[in-house]
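Listed here are the chains, written in short residue letters.
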Amino acid sequence: MDEFKLAAGGALPPRGESATSDSRGVATRNAILEAAVRLFAEQGVLAVSNRQIGAAAGKGNTSVVGYYFDSKADLVRALVRRFNARVNEAREDRIARLGAKPGLRDWATCLVHPYLELLEAGGPPTWYARFMAQVATDPGLRRIVVEEATSESMLRVLDGLAGCLPELPEPVLRERYRIASHVILQMCAERERALADGQQVHPAGWDEAATGLVDVLVGMWTAAVTPVDESSVTS
């Protein structure tokens, strides 16, 4: 029953109606999520009201969003969790197909390709890249992305990357992880926005775009580390 709330007061539906009511509840919740991610991507998370989402979901009762989600943060978390679950499933499949001794590029591919493959499968147009980029940079919502980012597949990828980069100091490795996250989010959001506006993009396909991102990230992770003169920093 985690997918949706029971009727007000927690009362169960009459005998024989539970399955039908549950099915309607799931369908309504999914309609709200689909409408919300589109409106958030197009107009901005803070600019969209629950009433607008309810109307876009095709619900006559425009207060229906509050029945399924206690707050906008709850709705955002549900969208982030929904998207991440699908990315992680695809990532786990790629990890399972890695060879005995995967290299840096193999792990970078596991990081990037599942994300872009899901965007390709969902469109055109798609909205999740623009939505995720907004949430990741919003001071009030960013913690949701951070909290929902941890998964077994992501930890395995980060461990794999670290194992291929033993020469990188830990602070540098963490910083390059953050850079990689920013590059993936923002480049996908820009590409998604251009496609939604009918603009030409290069490369044309999401798979080619994913390969290009892997090229960039591998180059970044293997870049030389310039020593910092601590005395000049503190003086």
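Quick notes on the rules
Residues numbered from 1 in each chain as written. Predicted model: local features only at pLDDT ≥ 70, side-chain atom pairs only at ≥ 80, totals over all residues. Heavy atoms only, no water. Axes fitted to C-alpha atoms, helices over the stretch in contact; angles between N-to-C directions. Helix = DSSP H or I, 4+ residues; strand = E, 2+ residues; numbered from the N terminus. Left-handed = near helix turned anticlockwise from the far one by under 90°. Contact = heavy atoms within 4.5 Å. Nonpolar A, V, L, I, M, F, W, Y, C, P; charged D, E, K, R; others polar. Polar contact = N/O pair within 3.5 Å; in protein donor to acceptor, adjacent residues only side chain to side chain. Buried < 20%, exposed > 50% of the residue type's maximum accessible area, 1.4 Å probe, protein only. Lys, Arg positive; Asp, Glu negative; His and termini not counted. Salt bridge = Lys/Arg side-chain N within 4 Å of Asp/Glu carboxyl O. 1 Å grid on protein atoms, 1.4 Å probe; cavity = no way out; pocket = protein on both sides within 12 Å on 5 of 7 lines; lining within 4 Å. Points joined across faces, edges and corners; volume = space filled by probe spheres on them.

A. Representation of the packing of helix α4 (residues 72-96) against helix α7 (residues 142-149) in the model. Here α4 crosses α7 at 35°, and the two axes come no closer than 10 Å. For the crossing formed where α4 meets α7, the hand is right-handed. Where α4 approaches α7, its residues Ala73, Val76, Arg77, Val80, Arg81 and Asn84 are matched on the opposing element by Arg143, Ile144, Glu147, Glu148 and Ala149. Residues belonging to the contact of α4 with α7 are distributed by class as follows: five nonpolar, one polar and five charged.

B. Highlighting unusual backbone geometry. Each neighbour pair has its own omega, and for His202 with Pro203 the value is 0°, a cis peptide bond. Its place among the elements puts Pro203 in the loop between α9 (170-196) and α10 (206-221).

C. Fine view of the environment of Gln52. Residue placement: Gln52 occurs in helix α2 (residues 50-56). Sequence spacing of Gln52 and Ala35 is 17 residues, and the spatial spacing of their C-alpha atoms is 9.0 Å. Setting aside anything within four residues of it in sequence, one finds Gln52 in contact with Leu39, Gln43 and Ala47. There is a polar contact of 2.8 Å between the side chain of Gln52 and the backbone nitrogen of Ser49.

D. Molecular detail of the side chain of Arg91. Take Arg91: it is sitting in helix α4. Of the side chains with opposite charge, Glu92 comes closest to the buried, unpaired Arg91, at an N-O distance of 8.5 Å. Of the polar contacts made by the side chain of Arg91, one reaches the backbone oxygen of Cys110; its length is 2.9 Å. Look past the residues within four positions of Arg91 in its chain and what remains in contact with it is Cys110, Leu111, Pro114, Ser153, Met154 and Val157.

E. Structural detail: the environment of Glu120. Note on placement: Glu120 falls in helix α5 (residues 104-122). Judged by its relative accessible area of 40%, Glu120 is partly exposed. Each C-alpha atom of the pair Glu120 and Gly205 lies 8.2 Å from the other, and the pair is 85 residues apart in sequence.

F. Seen up close, the layout of surface pockets. Considered as a void within the structure, the largest pocket measures approximately 930 Å³ in volume. Along the walls of the largest pocket sit 30 residues, with Val145, Ala149, Met154, Tyr177 and Ser181 positioned nearest its centre. Broken down by secondary-structure element, the contributors of at least two residues to the lining of the largest pocket are α4, α5, α6 (128-137), α7, α8 (152-164) and α9. For the lining of the largest pocket, the element with the highest residue contribution is α9, accounting for nine residues. Split into classes, the residues belonging to the lining of the largest pocket amount to 18 nonpolar, eight polar and four charged.

G. Focus on the pattern of salt bridges. Using the criterion set out here, one finds twelve salt bridges in the structure. Among the ionic pairs, Glu148 bridges to Arg77, the shortest N-O distance being 2.8 Å. Taken together, the residues span a long stretch of sequence, with Glu148 in helix α7 and Arg77 in helix α4 at a distance of 71 residues. A relative accessible area of 13% means that Glu148 is categorised as buried. In this structure, Glu170 engages Arg174 in a salt bridge whose closest nitrogen and oxygen atoms are separated by 3.7 Å. Here Glu170 and its partner Arg174 are both found in helix α9, four residues apart, which amounts to about one turn of the helix.

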